[in-house]
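# Architecture and fold: a report
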Amino acid sequence: MVRLLPDHTYVCLRHNTWIGPPDIDQPAFDLAQLPEVVDAQRRHLRIMQRYGWEATYDAVLSALMICAHIWADGRLPGETFRS
């Protein structure tokens, strides 16, 4: 089955399963052990309803960029090197 999903739908809230990328060709993943992921999807949809998809997309992209900086060198943006 091929699934075409909006950018903001990664969790099936009805079945509590991961249906989004990056493993779109894999079966849906059960999120019973990760209720915080289901909760995050609900919050994301509420934010999108309140502020619109453009603002929500920008916020998610900014959060990913901050995480990328942390993952790249283990420091928060603007944080000085600690030895």
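Before reading on, note that the structure itself is shown above.
The residue count restarts for each chain, going from 1 along the sequence in the order it is written. In keeping with the predicted nature of the model, local features appear solely for residues at pLDDT of at least 70, side-chain atom pairs appear and are counted solely at 80 or more, and the whole-chain, interface and lining totals rest on all residues. Heavy atoms from the whole structure form the basis of all side-chain values; hydrogens and water molecules are not counted.

Glancing now at the overall build of the chain. Runs of H or I in DSSP of at least four residues are treated as helices and runs of E of at least two as strands, each being numbered from the N terminus. For the chain, the helix and strand inventory stands at 2 helices and 3 strands. Its helices and strands taken in sequence order, the chain reads β-β-β-α-α from the N to the C terminus. Relative to its 83 residues, the chain shows a buried fraction of 13%. What sets the accessible areas is the Shrake-Rupley method with a 1.4 Å probe; for residues, cover comes only from the shown protein chains. For the chain, the exposed area adds up to about 7,000 Å²; of that, 60% sits on carbon and sulfur atoms. Only protein chains enter the accessibility calculation, which uses a 1.4 Å probe. A residue is then buried if its area is under 20% of the maximum for its type, exposed if over 50%, and partly exposed in between.

Right, let's talk about the packing of helix H1 (residues 35-51) against helix H2 (residues 53-73) for a bit. Each axis is a line fitted through C-alpha atoms, and for a helix only the stretch in contact is used; angles between axes span 0 to 180 degrees, taken between their N-to-C directions. Interaxial distance between H1 and H2 falls to 7 Å at its minimum, and their mutual angle equals 130 degrees. Classed by the angle they form, the pair H1 and H2 counts as oblique. For the pair H1 and H2, contact is made by His44, Ile47, Met48 and Tyr51 and by Trp53, Ala55, Thr56 and Val60, respectively. Among the residues making up the contact of H1 with H2, the classes are represented as 6 nonpolar, 2 polar and no charged. In these notes the angle categories are as follows: under 35 degrees is roughly parallel, over 145 is roughly antiparallel, 65 to 115 is roughly perpendicular, and the rest is oblique. In this analysis, two residues are considered to be in contact whenever any of their non-hydrogen atoms come within 4.5 Å of each other. Each residue is assigned to one of three groups, with Ala, Val, Leu, Ile, Met, Phe, Trp, Tyr, Cys and Pro labelled nonpolar, Asp, Glu, Lys and Arg labelled charged, and all others, Gly among them, labelled polar.

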